[in-house]
Amino acid sequence: MSPWRFSIAPMMEWTDTHYRVLARQHTRKARLYTEMVTSAAIIHGDRERLLGYDASEHPIAVQLGGSDPQDLARAAKICAEFAYDEINLNVGCPSDRVQNGAFGACLMREPALVARCVAAMKEASNLPVTVKCRIGVDDQEPREALFAMAQAVLGAGADALIVHARKAWLKGLSPKENRDIPPLDYGLVHELKQAWPDVPIAINGGLEALDAMRAQLDSVDGVMIGRAAYHNMSMLQEVDPLLYGAPAPHDSSRAAVEAFLPYIERKLGQGVRLADITRHMLGLFQGRPGARAFRRHLATYAVKRGADARVVEDALAMVDHTQGARLSA
């Protein structure tokens, strides 16, 4: 199976190491991605804070933001020293921050530059280098823009392409609106796969149900999901059985959280605030009796001074774990 068969998208302020360790308790197989980190931050900043992760997170990819081939090469070399499983270049984020830095989705207009960035990162490290892009920006014709980007970066040695199957409108839409308003075009991504049958191509955008994700695997090599994996984390409990034919790490989402407790205790001992960890747990047990009480308890008590893992244990006790189907219980 492709290493990109199922992955969880990089999401700023969401997919930090605490989230990723909890996600790993629900799926051993999913490929996890860091939040985007800029090449400049890696070169000049606190590398351990920016790039450090828990050993349980493998397979894990780091997503880089930048547009200078030399800087990205330096950052890629540093990332390789941290033993990531992949380096991914962001060519899809539409935020003002990345536009002001001349990277992210605006690079859809510059496939030759992106190709030079990919080639430089490939030269600097032995890690797989991938690109996450849109199907175009603003007034670009999607097929022309996407195929030009694919031809450029794959010619430069990119190991896989992850395509968010909608345009980004850099003028007139907010980053939030860019996640929903531009129409999806899954067919164009399927066409891309037909044109490059030997290259791993994954699809991203609008996928929420596992059945829909599994159906996409008839046309592409992988699916990447974002908000669905964050707001309904218990769904991840079914990924390994349904998409890989392998058992889930634990027989229930409750058991997954219980297995997460030692990590919480370890991080609390290192000075991490409980609320910084439990903020990622509010998407658990969606639709289950007691889920609202679970969320309310965490939101109320995890922020208090001295809050410890017992807050999570008490919240777990509020959920009805006797109802529900299969592994999503």
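The structure presented is a predicted model; accordingly, all values stated were derived computationally and were not measured.

Rules of the game
Residues numbered from 1 in each chain as written. Predicted model: local features only at pLDDT ≥ 70, side-chain atom pairs only at ≥ 80, totals over all residues. Heavy atoms only, no water. Buried < 20%, exposed > 50% of the residue type's maximum accessible area, 1.4 Å probe, protein only. Helix = DSSP H or I, 4+ residues; strand = E, 2+ residues; numbered from the N terminus. Contact = heavy atoms within 4.5 Å. Polar contact = N/O pair within 3.5 Å; in protein donor to acceptor, adjacent residues only side chain to side chain. Phe/Tyr/Trp six-rings, centres within 6.5 Å; stacked < 30°, edge-to-face > 60°. Expected span 1.5 Å × (residues − 1). Pairing = 2+ DSSP bridges. Salt bridge = Lys/Arg side-chain N within 4 Å of Asp/Glu carboxyl O.

(A) Layout of helix H1 (residues 17–24). Within H1, eight of the eight residues are buried, leaving the element largely enclosed by the surrounding structure. Along H1, the residues classified as buried are Thr17, His18, Tyr19, Arg20, Val21, Leu22, Ala23 and Arg24. If you follow the buried residues of H1, they end up packed against strand E1 (6–8), strand E2 (31–33), strand E4 (60–65), helix H10 (227–231), helix H12 (253–269) and helix H13 (274–278). One side-chain oxygen of the residue at the start of H1 lies 3.2 Å from the amide nitrogen of His18, identifying that residue as Asp16.

(B) Spatial organisation of the packing of aromatic side chains. Per the counting criterion, the structure on display carries six aromatic pairs. Arranged with centres 4.7 Å apart and planes meeting at 50°, the rings of Tyr53 and Tyr84 form a pair that is tilted. Remark: Tyr84 occurs in the loop between helix H4 (69–81) and strand E5 (86–91) and Tyr53 occurs in the loop between helix H3 (47–51) and E4; sequence separation between them is 31 residues. For the pair Phe285 and Phe294, a centre-to-centre distance of 5.1 Å together with 90° between the ring planes defines the contact as edge-to-face. Like Phe294, Phe285 is buried.

(C) Structural detail: helix H7 (residues 142–155). A rise of 1.5 Å per residue sets the reference length of H7, with its 14 residues, at 20 Å; its end C-alpha atoms lie 20 Å apart and thus fit the reference within 8%. By the burial criterion, the buried members of H7 are Ala145, Leu146, Phe147, Met149, Ala150, Val153 and Leu154. In the core, the buried residues of H7 are packed alongside E5, helix H6 (111–124), strand E6 (129–133), strand E7 (160–164) and helix H8 (186–195). Looking at where H7 begins, the residue whose side-chain oxygen comes 3.1 Å from the main-chain nitrogen of Arg143 is Glu141.

(D) Expanded view of the pairing of E6. Judged by how many residues are buried, E6 sits mostly within the fold: five of five residues are covered. Both faces of E6 are covered, namely the face carrying Val129, Val131 and Cys133 and the face carrying Thr130 and Lys132. Where E5 and E6 come together, five bridges link them in parallel fashion. The residue of E6 that forms the bridge with Ile87 is Val129.

(E) Representation of the pattern of salt bridges within the structure. Using the criterion set out here, one finds 12 salt bridges in the structure. Where Asp159 meets Lys122, a salt bridge forms, and the shortest distance between an N and an O atom there is 2.8 Å. In this pair, Asp159 is assigned in the loop between H7 and E7 and Lys122 in helix H6, connecting sequence segments 37 residues apart. A relative accessible area of 26% places Asp159 in the partly exposed class. Given the relative accessible area of 28%, Lys122 is considered partly exposed.

By themselves, these figures tell us nothing about what the structure is for.
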